[in-house]
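Architecture at a glance
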Amino acid sequence: MNNMIEKLETIARRYEELNEILMDPSIASDIHKMTEASKEQASLETAYQLYQEYKKVLSGIEEAKELMKENDPEIKEMAELELSELEEKKPHLEEKLHLELIPKDPNDNKNVIVEVRGAAGGDEGNIFAGDLYRMYVKYAESQGWKVEVMETQESEAGGFSLVSFMVKGEGVYSKLKFESGSHRVQRVPKTETQGRVHTSTATVLVMPEAEEVDVEINPGDLRIDTYRASGAGGQHINKTDSAVRITHLPTGIVASSQDGRSQHDNKDKAMRALRARVYEMVQREQEEALGSERRSKIGSGDRSEKIRTYNYPQNRVTDHRIGLTIQQLDRIMEGKLDDVIDALINEDQRLKLLGEEE
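Residues numbered from 1 in each chain as written. Predicted model: local features only at pLDDT ≥ 70, side-chain atom pairs only at ≥ 80, totals over all residues. Heavy atoms only, no water.

An unreviewed UniProt entry lists the protein under the name Peptide chain release factor 1, with Coprobacillus cateniformis given as the organism. Under the UniProt heading Sequence similarities (unreviewed entry), the entry covering the protein gives this text: "Belongs to the prokaryotic/mitochondrial release factor family." Quoted straight from UniProt, the Function (unreviewed entry) entry for the protein says "Peptide chain release factor 1 directs the termination of translation in response to the peptide chain termination codons UAG and UAA." (UniProt positions renumbered as here; feature names shortened; annotations may be inferred.)

Have a look at this one:
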């Protein structure tokens, strides 16, 4: 408990310090400094306000205990009531404060770039990749987020061998970060004449959008190629070299875009995807250098790790990392992912709390 109070005191001091910094007229001319200070203060706001409330509860408990020493029975009765109310409130506030003190993932409030690829199972894997893409779009809509397609490689049988898209909104990464991995589907493919259930897979990679300050990319390290967009998009799309492919020569990372309105738009989208991929690679290397215990404990986030099975004959979805099974596959494929995502977030918080206490 003393450890928690010490942490909260540090937060309160920093919050008040930031208040003074933000009120200093000289900061108004330095947009970068002002933005940084505002962001930091906003990240401490909830813990600060909860701590103020907690201090009021503690002093209220002390006052009520003092009043109970009075001889007046009416005052004593009021103090008893007050004390029992505050004693009930105290553990709830402590629980909230513990959760608030869990180290935050600095990427939680970022937009994301999601890549879904058809993997094992040929056409059926690609069709399933299309189903997953539709599921994420519907979930994003339910959250009030905006989806922007960056790159598609459509499959002749339907779905995609690759679909890459950006999701923009409030706290997107905090909710979608556990989706990275291999998603397995069990169902009878449309092409199957014998009615046998097949297993196919699609892989998902969720990357936080990287700002220029997050990762430095030297323009001299880039090779930019333009080519003609292929596939759907109307006849005009094939007449100009509007599609863009950018290669980051030091790492060999490649990003393309052909779904934008113009070459300029495609270049911007490809650059954002490239920056996110380089950032993701740098982060992964840092995590490996720090050791696996510093990683999010729910899975490795690796594209090859089997994380979830979607069983159509039994209308069942199982998340293997947390042993969660839901008999509502039809609802989940319609984007109603809240139960799964909330369970993953809760388990992540539980493990982080255990890590803090050890």
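**Considering the UniProt feature "coiled-coil region" (unreviewed entry) in the protein**
Summarizing the sequence annotation, UniProt attributes the feature "coiled-coil region" (unreviewed entry) to residues 51–96 in the numbering used throughout. Secondary structure across residues 51–96 divides into 89% helix and 0% strand, with the first and last C-alpha atoms of the span separated by 10 Å. (Helix = DSSP H or I, 4+ residues; strand = E, 2+ residues; numbered from the N terminus.)

**Thoughts on the pattern of salt bridges**
Per the stated rule, a full pass over the model turns up 21 salt bridges. Glutamate 115 is the salt-bridge partner of arginine 277, the closest N and O atoms lying 2.3 Å from each other. Placement of the pair is arginine 277 in helix α6 (residues 263–290) and glutamate 115 in strand β1 (residues 112–118), with a sequence separation of 162 residues. The class of arginine 277 is buried, set by a relative accessible area of 13%. On the basis of relative accessible area, glutamate 115 is assigned to the buried category, the value being 2%. A salt bridge links arginine 321 to aspartate 319, with the nearest nitrogen and oxygen atoms 2.8 Å apart. Classification of aspartate 319 as buried rests on a relative accessible area of 1%. (Salt bridge = Lys/Arg side-chain N within 4 Å of Asp/Glu carboxyl O. Buried < 20%, exposed > 50% of the residue type's maximum accessible area, 1.4 Å probe, protein only.)

**Some details on the packing of aromatic side chains**
Aromatic ring pairs are defined here through the distance separating the ring centres and the angle between the ring planes. Scanning the model with the defined rule gives 5 aromatic pairs in all. Relative to tyrosine 310, the ring of phenylalanine 128 lies with its centre 5.3 Å away and its plane at 70°, an arrangement referred to as edge-to-face. In this pair, phenylalanine 128 sits in helix α4 (residues 123–142) while tyrosine 310 sits in strand β9 (residues 306–311), placing the two residues 182 residues apart along the sequence. Since its relative accessible area comes to 0%, phenylalanine 128 is described here as buried. (Phe/Tyr/Trp six-rings, centres within 6.5 Å; stacked < 30°, edge-to-face > 60°.)

**Some words on the packing of helix α1 (residues 2–23) against helix α2 (residues 31–67)**
At a minimum axis separation of 8 Å, α1 and α2 run at an interaxial angle of 135°. It follows from the interaxial angle that α1 and α2 lie oblique. By crossing handedness, the relation of α1 to α2 is classed as left-handed. Across the contact of α1 with α2, the residue classes tally to 16 nonpolar, 4 polar and 6 charged. (Axes fitted to C-alpha atoms, helices over the stretch in contact; angles between N-to-C directions. Parallel < 35°, antiparallel > 145°, perpendicular 65-115°, else oblique. Left-handed = near helix turned anticlockwise from the far one by under 90°. Nonpolar A, V, L, I, M, F, W, Y, C, P; charged D, E, K, R; others polar.)

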